[in-house]
Amino acid sequence: MNKQYSRRNLDFMLKEVLQVAELTKFSYFQDYTPDMFDMVLDTAEEIADKILRNAYVSSDRNQPQLINGQVKVHPAVKDYVKAMGDAGMIAATFDYENGGQQLPTVVNAASEMIRGSANNAFVMFTGLTAGSANLIFSFGSDELKEKYAQRMVTGEWTGSMCLTEPQAGSSLSDVITTAFPQSDGTFKIKGQKVFISAGDHDIADNIIHLVLARIEGAPLGTKGISLFVVPKFRANANGTEFNVDNDVISTGIYHKMGQKATPAMHLTFGDKDNSIGYLVGEANKGLSYMFQMMNEARLGVGMGGTYIASAAYYASLEYAKERPQGRKLNNKNLEEEQTYIINHPDVKRMLLFQKAVVEGSLALLLECYHWQDMIHALGKTSEEAKPYQLMLDLMTTVAKTYPAEMGIKAVNEGLQVLGGYGYTEDFPLEQMARDVRIMSIYEGTTGIHSLNLLGRGVTLNNGKAPQLLFNEIMKSIELANTFDELKPYAEKLEKELGRLQKVTMHLLSIAAKGDNEAFLADANLYMEFFGITTVAWIWLKQAIVAKQALITQSLEESETSFYESKIHTMKFFYHYELIKNYALATRLTDNTLLTVDSEKLGVFQ
Amino acid sequence: MKILVCVTSVPDTTAKISFTDGDTKFNKAGVTYITGPYDDYALSRAVELKEQHGGTVTVLNVGEADAEPVIRKCLAIGADDAIRVNCEATDSYFVATQIANIAAQEKYDLILMGRESIDFNSGVVHGLVAELLGIPSLSPVMKLDIEGSTAKITREIEGGKENLEASLPLVLGCQEPIAEWKIPNMRGIMTARTKPLKVIEPVGEGLTSTDKYELPAPKGACKMILAENAEELITLLKTEAKVL
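Residues numbered from 1 in each chain as written. Chains lettered and ligands numbered in written order. Predicted model: local features only at pLDDT ≥ 70, side-chain atom pairs only at ≥ 80, totals over all residues. Heavy atoms only, no water.

As recorded in an unreviewed UniProt entry, chain B goes by Electron transfer flavoprotein subunit beta and comes from Arcicella rosea. The Sequence similarities (unreviewed entry) field of the UniProt record for chain B holds the comment "Belongs to the ETF beta-subunit/FixA family." (UniProt positions renumbered as here; feature names shortened; annotations may be inferred.)

Chain A appears in an unreviewed UniProt entry as Butyryl-CoA dehydrogenase from Arcicella rosea. Within the UniProt record for chain A, the comment given under Sequence similarities (unreviewed entry) is "Belongs to the acyl-CoA dehydrogenase family."

Caption draft 1: Molecular detail of the overall build of chain A. When its secondary structure is counted, chain A shows 18 helices and twelve strands. For chain A, the C-alpha atoms occupy an extent of roughly 80 × 60 × 60 Å along the three principal directions. Every one of the 605 residues in chain A was classed for burial, and the buried ones make up 57%. Of the contacts made within chain A by residues no fewer than 6 positions apart, 74% connect residues no fewer than 24 positions apart. (Helix = DSSP H or I, 4+ residues; strand = E, 2+ residues; numbered from the N terminus. Buried < 20%, exposed > 50% of the residue type's maximum accessible area, 1.4 Å probe, protein only. Contact = heavy atoms within 4.5 Å.)

Caption draft 2: Spotlight on the overall build of chain B. Broken down by element type, chain B carries six helices and 13 strands. For chain B, the C-alpha atoms occupy an extent of roughly 65 × 45 × 40 Å along the three principal directions. Each of the 244 residues in chain B was classed as buried or not, and the buried ones make up 42%. Residue pairs at least 24 apart in sequence account for 68% of intrachain contacts in chain B once pairs closer than 6 positions are excluded. Carbon and sulfur atoms make up 51% of the accessible area of chain B, which totals about 13,100 Å². Of the charged side chains in chain B, 25 are positive and 35 negative; the average position of the first set lies 5 Å away from that of the second. (Areas by Shrake-Rupley, 256 points an atom, 1.4 Å probe, with all protein chains shown as cover. Lys, Arg positive; Asp, Glu negative; His and termini not counted. Charge placed at Lys NZ, Arg CZ, Asp CG, Glu CD.)

Caption draft 3: Here's a closer look at empty space enclosed by the protein. All names here are of chain A. In this structure the tally under the stated criterion is six cavities of 30 Å³ or more. L507, A518, D522, L588 and D590 are the residues nearest the centre of the largest cavity, which is lined by 14 residues in total. If one sorts the elements of the lining of the largest cavity by residue count, helix α13 (residues 487-512) sits on top with three residues. Residues of the lining of the largest cavity, tallied by class, amount to nine nonpolar, two polar and three charged. As a volume, the second largest cavity reaches approximately 70 Å³. Together, Y5, S6, N9, L10, M113, S310, Y313, Y314, V358, E359 and L362 line the second largest cavity. Grouping the constituent residues of the lining of the second largest cavity by class yields seven nonpolar, three polar and one charged. (1 Å grid on protein atoms, 1.4 Å probe; cavity = no way out; pocket = protein on both sides within 12 Å on 5 of 7 lines; lining within 4 Å. Points joined across faces, edges and corners; volume = space filled by probe spheres on them. Nonpolar A, V, L, I, M, F, W, Y, C, P; charged D, E, K, R; others polar.)

Caption draft 4: Just the packing of aromatic side chains, in detail. Residue and element names in this part refer to chain A. This model, assessed by the stated rule, comprises 23 aromatic pairs over all chains. Centre to centre, the rings of F572 and Y576 are 4.3 Å apart; their planes meet at 15 degrees, and the pair counts as stacked. Of this pair, F572 and Y576 both sit in helix α16 (residues 557-578), four residues apart, which is roughly one turn of the helix. Using a relative accessible area of 6% as the deciding quantity, one classes F572 as buried. What makes Y576 partly exposed here is its relative accessible area of 43%. An aromatic cluster is built from Y148, W157, F242 and Y278, whose rings are joined through pairwise contacts. Geometry around F562 places R8 over its ring, the cationic atom sitting 4.3 Å from the centre. (Phe/Tyr/Trp six-rings, centres within 6.5 Å; stacked < 30°, edge-to-face > 60°. Lys NZ or Arg CZ within 6 Å of the ring centre and 35° of its normal.)

Caption draft 5: Examining the pattern of salt bridges more closely. Going through the model one piece at a time under the given rule, you end up with 54 salt bridges over all chains. Two residues, K566(A) and E359(A), come together in a salt bridge whose shortest N-O distance is 2.7 Å. Of the two residues, K566(A) sits in helix α16 while E359(A) sits in helix α8 (residues 345-378), which places them 207 residues apart along the sequence. This pair shows no difference in class: K566(A) is buried, exactly as E359(A) is. A salt bridge links D21(B) to K25(B); its shortest N-O distance comes to 4.0 Å. A relative accessible area of 47% places K25(B) in the partly exposed class. (Salt bridge = Lys/Arg side-chain N within 4 Å of Asp/Glu carboxyl O.)

Caption draft 6: Molecular detail of the domain arrangement of chain A. With domains assigned, chain A is organised as domain 1 (7-152), domain 2 (158-284) and domain 3 (445-593). On a C-alpha basis, the centroid separation for the pair domain 2 of chain A and domain 3 of chain A is 41 Å. (Domains from an automatic or database assignment.)

Caption draft 7: How the structure looks around helix α3 (residues 92-106) of chain B. Residues and elements named next belong to chain B. Counted at 1.5 Å a residue, the expected span for α3 with its 15 residues is 21 Å, and the 21 Å between its end C-alpha atoms agrees. Considered for burial, the residues of α3 that qualify are S92, F94, V95, A96, Q98, I99, A100, I102 and A103. The elements touched by buried residues of α3 are β1 (2-6), β6 (56-63), β7 (81-86), β8 (110-114), α4 (125-133) and β13 (197-200). With a side-chain oxygen positioned 3.2 Å from the backbone nitrogen of Y93, the residue opening α3 is D91. Phi turns positive, to about 55 degrees, at K107, one or two residues after α3. (Expected span 1.5 Å × (residues − 1). Polar contact = N/O pair within 3.5 Å; in protein donor to acceptor, adjacent residues only side chain to side chain.)

Caption draft 8: Up close: the pairing of strand β7 (residues 226-231) of chain A. Residue and element names in this part refer to chain A. β7 sits mainly inside the fold: six of its six residues count as buried. Neither face of β7 is left uncovered, since the one carrying S226, F228 and V230 and the one carrying L227, V229 and P231 both have all their residues buried. Relative to β7, strand β6 (residues 207-215) is paired through six bridges, and the arrangement is antiparallel. Of the residues in β7, the one forming a bridge with L212 is L227. With three bridges connecting them, β7 and strand β12 (residues 276-280) associate as antiparallel partners. Along β12, the bridge assignment pairs V229 with Y278. (Pairing = 2+ DSSP bridges.)

Caption draft 9: Seen up close, the confidence of the model for chain B. Across chain B, the average pLDDT comes to 93, with 100% of residues at 70 or higher. This complex was scored by the predictor with a pTM of 0.90 and an ipTM of 0.77. (pLDDT = per-residue confidence, 0-100.)

Caption draft 10: Expanded view of the UniProt feature "domain: Electron transfer flavoprotein alpha/beta-subunit N-terminal" (unreviewed entry) in chain B. Using the residue numbers shown here, the UniProt feature "domain: Electron transfer flavoprotein alpha/beta-subunit N-terminal" (unreviewed entry) corresponds to residues 23-209 of chain B. For the annotated span residues 23-209 of chain B, helix accounts for 31% and strand for 32% of the residues, and the straight-line distance between the end C-alpha atoms is 13 Å.

Caption draft 11: Just the interface of chain A and chain B, in detail. Contacts between the two partners involve 24 residues from chain A, matched on the other side by 16 residues from chain B. Linking chain A to chain B there are one salt bridge. Close ionic contact of E46(A) with K73(B) constitutes a salt bridge, the shortest N to O distance being 2.2 Å. Counting across the chain A and chain B interface gives four residue pairs in polar contact (both at pLDDT 80 or more). Broken down by secondary-structure element, the contributors of at least two residues to the side of chain A that touches chain B are α2 (34-61) and α3 (75-86) of chain A.

Caption draft 12: Spatial organisation of helix α5 (residues 123-139) of chain A. Helix length check: α5(A), at 17 residues, gives a terminal C-alpha distance of 25 Å against a target of 24 Å (1.5 Å per residue), a fit within 8%. Across the 17 residues of α5(A), 14 count as buried, placing the element largely inside the fold.

Caption draft 13: Broad picture of the sheet that holds β13(B). Residues and elements named next belong to chain B. Within the open sheet, the nine strands sit side by side as β11-β10-β9-β12-β8-β1-β6-β7-β13. Their pairing is mixed. A single partner strand is all that each edge strand has here, and the edge strands are β11 (160-167) and β13. Each adjacent strand pair in this sheet contributes to an overall mean axis angle of 30 degrees, direction not counted. With five bridges connecting them, β8 and strand β12 (residues 170-174) associate as parallel partners. For G114, the partnering residue across the bridge sits in β12 and is C174. Across the face of the sheet, helix α2 (residues 68-77) comes into contact with β6, β7 and β13 while running at roughly 160 degrees to β7. (Axes fitted to C-alpha atoms, helices over the stretch in contact; angles between N-to-C directions.)

Caption draft 14: Focus on unusual backbone geometry. For the peptide bond that leads from S139(B) to P140(B), omega is -10 degrees, which places it in the cis range. At the junction of E176(B) and P177(B), the peptide bond is cis and its omega measures out at 0 degrees in the coordinates. The topology assignment puts P177(B) in the loop between β12 and α5 (186-192). Here the phi dihedral of N68(A) falls at roughly 50 degrees; this positive angle occurs in a residue that is not glycine. By relative accessible area, which is 80% here, N68(A) ends up exposed. The residue F195(A) is not glycine, and still its phi comes out positive at about 55 degrees. Tracing the sequence through the fold places F195(A) in strand β5 (residues 187-197). Taking the relative accessible area as the measure of exposure, F195(A) reaches 52% and is therefore exposed.

Shown next as C-alpha cells:
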C-alpha cells in the first residue's frame, strides 16, 4: 500500500498556516525546537511503516475472538502498544509531572494522522489508554495516579471507558450501574456496560476501566453519576502484585461492521459480588469529569473520519492514475488507446471532493488543537486563554461532526472511483468504508452533537463564542480581500457568514417562544450549515497562506504545484460545497414542520 | 567501549528519483531523507552494546548540512554525540578517507556501518576504511556480541552463515537481524538537541565527478500468454523483447 496521507500537507498546516514554532516561545513548550516536532512525526511514520500498515488488512480479516472468557486480538496490537509506550508517545501531551513530555496537542494530532491513516483500529488502544490515564491524572488521588495511571502511560497496562449501558446510550442520565460503599472507602460495582472498545484483550497484564456508576442512593439523572477506577485485576492483600481477579467478566463481543481489530465488549461488573471500584475525585461529579475526556475524544473521532478519508483518497487517486477506461468525452476515436480515468471530469470531481474534505477537515481539527495548545501556553485559568476556550467549546462538536459525516461521504466517493473493484476485498476501500462508518456514532451521534450546537453552543455566554469565531473569520476575509484571486471567495464567505447569522437569529426567535421541538427539529441541518461555513473559512485561510507563498517566494515546480492545488481545492469547495448553504438556509428558515407533525399524522405506517 | 557508527542520509525508498542540471545532479526537491536502513541496524546494535558494556556511541556522517535531521534522529535513538564532515560524499574512497581520518585520531574499539548505502550501494566503504586503518573488516554481519576484546560474529555467506571471532578493533558492515530496530522516543527527542554535533571540514578531495545520471528503462506492459501458447511466447521474446 502506498501513501495514505500527505506529509507535505502536514508540514504546510503546522509550519505555515498555524506556525507552531511560535508555541515554543511560551514557557510550557519552551523545551521544544521546531525540528523536534519533525522528529516526532518521523517516529510516527516509523511506527506506521513497521507495524501499523502491514497489519491493517490482516487484523480486519482475523478479528478478535472471545474464547473461554478471554479475548484474543491480532498480535501486532501488542507490538504497536509497546512501540508507542517505548517511544513515550501514549502520553506525550501530558504534563511532565504526569509522565508526559508536554508535546503540543497539534503536533500529537499530526502524529495521529500518520498512524491512523495506516491503521485506524489499532490507534484506538493507545487513544483510550491515554484518555483514561488523563482522567486519573486530572481528578484522581495520588494513590490512583501512582498505582494505575503511571503504568498506563508506558503502555504496560491499557485503559477503557465504560459509559454506555444497554438502556443508557445517548442518554447517560439513565445509567444504573451501581456502586455500593464499603467500610474501607472502596465500592462494590454492579452492572453492565456495552460497546466498550478495547474492553478486553490479551496484550497487557491489566486493563483499567474508567466506569460511570451511581453510588447507592445517589440522586437520579446526571447529578448522581460518579466515576470509578475498576481494574481487571486488583492488588493482592499486601499490594505487591495485581493478580486478584476483580470480577469484570467479558460477557460478549460485538461483531462489528468495521474497525474489527478493536474488540467492542459487553462487560459485566460484580456478577460474583466481587468487583471493587475506587472513586475518582468527588462523588456525583463523574459525568463532568468524563466530559473533559469526551471533548478530547471527540476531536479524536473527527481525526478518525479525517485519516480514514485520507487513506481512501490516496488509494483512489493511485487507482485513478493507473486505470485506463474509455476515452475523453470529446474524443470519439476508438482507434486511440483508452485514457486513464483520472482524465474524466466526474472522476476528478470525486477526487477533488475527497481532497477538499480531507484537507479541510484536517485544517479545522488542527485549528482546534492549536487553540487547545494556546490554552496550555497561556494558562488554563488566565483571561487571555478564555477566548480560545470558548471557541474550542463551541467548535469541538463541529470538528467532531463535519469530518465524521463528510469522511463517510468522502470514502464512499473513493470507493466509487474504483467502480466494481472498490466493492471487493482486493482493494482497501471497502474496509475503509466499513471502518469510517462508526465515526458519526462514536462519542455522541451527529444528532446529539447537533442538539448541543444549536441548543447550547451558540447561545452559551450570551453568544460570546460564535462572536469570537466570527471575528476570526472576518480577519481571514479581510486578508483574503487583499488578493485579487481570493477576493471573490472572501466575498462569498462574508455573504454566507451573514446568512448563518440570519438563520441562527431566526431559530433563536423560535426558541424564545419556548417551542424546543420546533427550535431543534432540524438541528442536524444547522450543524451541516455551520460545518460547511467554518470549513469554507479554514479553506480560505489555507488559500491565503498558499497565495502569499506563491507571490513572495521563488519556488521549485513541485512547491508551486502544491500551493496552486491548495487554491484550486479551495475554489472547488466554494463552488461545489459552500453553495449547499443556500438550500440548507431555505429549509432552516421554513416554518413548515413536517418532522414534528409527522407522527400524529400517521406517516410512519 | 568506544563505538563509531557511520551513517548515510539517503532518499526514502519510495522517493521519486529525478535529476537536474543536465542530469548531472540528483533532484532533492520534495525528497524525504532517511537514515540508511542498514546503518540504522548498525546504530541500534551499537546502542544495545553500550547499554550492555557501557561506553560511548559517536555517529559520523560524511555529508552536507541537510543531513543534520538524520544525525539528530540518531542522537535521539541513543548516540551520545555526532560528527559531520562537511562535504558532498562524492565517492566511496573519499568517504572512507574521511572516516579513517577521524577514526585514526579517536581510536574506536568498533567502527560499525551498514553493509552498503541504499543510494549508490557500493558496499565497499567498510573495507576501504579498514584498509586505511590497517585493521580487519567483516561484512555482512548479522549477529555481533562482544566478550572482552573479542567480537563474536555471525555473517552471511553464500548459501549459509559463518560464525567467527575477531579481536577488536574492527570495522563491520552490518545488516538485519543484528539488532531490533529502534525508534526515537520522546525523551530521546528532547535530549537530542543538547547533544554535541561537531562539524569539521574534509581532508583531501574527491577523486570522481558525475558526468551523467540515467534512469533505468521503464518497465514494459505485462502480456499474459497462456501456457499452451509457448510458441507465441518464444516469438515475442525474439521479436519484441529481443532477448533470444
